[in-house]
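Fold and contact review
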Amino acid sequence: AGEAVGYGASYTTKRDATIAVVGIGYADGVPRALSNQGEASYGDTRLSIVGRVSMDLTHLDVTGTDIGLGDWVEFFGATISVDEVAAWANTVSYEILTGVGDRVDRKYLP
């Protein structure tokens with residue numbers, strides 16, 4: 001409790017918390033506007049984005065989950081819709097999709 005998270009210390013934990021550092025940021029298409037207000041998911045569990053979304057990293061509050069090193073989280077997909085992300089970022093879904101960077105693997109399904 002009371003620890004700052006991310007650049008500029010824009011978030012301070014209010015309680016003891018477990019914070020995950022995820023290797024994806026605004027260079028990959030996570031809008032900076034999601035800093036301290038967006039969510040990601042681990043399975044069906046919603047995880048709050050805490051701190052400022054940086055170029056290559058995003059911090060998630062994973063307190064109370066069994067998430068571990070190497071586990072995957074979703075920023076939009078089956079659990080969190082791209083429209084929901086766009087609403088958090090005060091934009092449209094098309095802008096979210098076109099902002100996905102070259103480092104992100106794409107899989108096209110028929």
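Higher on the page you've got the structure.
Now for a description of the structure that goes with this document. (Residues numbered from 1 in each chain as written. Predicted model: local features only at pLDDT ≥ 70, side-chain atom pairs only at ≥ 80, totals over all residues. Heavy atoms only, no water.)

A word on the nonpolar core
- Grouped together as the largest cluster of nonpolar side chains are 19 residues, with contacts concentrated most on L34, L60 and F75.
- Those elements that provide at least two residues to this core are β3 (19-22), β5 (45-50) and α1 (82-88).
- Per-element accounting of this core gives the leading share, 3 residues, to α1. (Core = buried A, V, L, I, M, F, W, Y, C linked by side-chain atoms within 4.5 Å. Buried < 20%, exposed > 50% of the residue type's maximum accessible area, 1.4 Å probe, protein only. Helix = DSSP H or I, 4+ residues; strand = E, 2+ residues; numbered from the N terminus.)

Some words on the pattern of salt bridges
- Counted under the stated rule, the structure contains 5 salt bridges.
- Between R15 and D61 there is a salt bridge, and its shortest N-O distance comes to 3.1 Å. Within this pair, whereas R15 is found in the loop between β2 (11-12) and β3, its partner D61 is found in strand β6 (residues 58-61), the two being separated by 46 residues in sequence. (Salt bridge = Lys/Arg side-chain N within 4 Å of Asp/Glu carboxyl O.)

A few points about the sheet that holds β6
- Overall, antiparallel pairing links the 4 strands, which are arranged β3-β6-β5-β4 in an open sheet. The open sheet has two edge strands with one neighbour each: β3 and β4 (39-42). Neighbour-to-neighbour, the strand axes of this sheet turn through a mean angle of 40°, independent of strand direction.
- Bridge analysis of β5 against β6 gives 2 bridges, and the strand direction is antiparallel. Residue pairing across strands places V50 opposite H59, the latter belonging to β6. (Pairing = 2+ DSSP bridges. Axes fitted to C-alpha atoms, helices over the stretch in contact; angles between N-to-C directions.)

A word on the environment of A20
- Note on placement: A20 falls in strand β3.
- Along the backbone, A20 and V82 are 62 residues apart, and their C-alpha atoms lie at a distance of 22 Å.
- Residues in contact with A20, not counting those within four places in the same chain, are T58, H59, L60 and V62. (Contact = heavy atoms within 4.5 Å.)

Section: unusual backbone geometry
- The backbone phi angle of A9 is positive, close to 45°, even though this residue is not glycine.
- With respect to the helices and strands, A9 occurs in the loop between β1 (4-5) and β2.
- A relative accessible area of 41% places A9 in the partly exposed class.
- You will see that N36, though not glycine, has its phi angle at about 60°, which is positive.
- Among the structural elements, N36 can be located in the loop between β3 and β4.

Looking at the pairing of β3
- Of the two faces of β3, the one holding A20 and V22 is buried and the one holding I19 and V21 is not buried anywhere.
- Bridging between β3 and β6 involves 4 bridges; their strand directions are antiparallel. Bridge pairing in β6 links I19 to D61.

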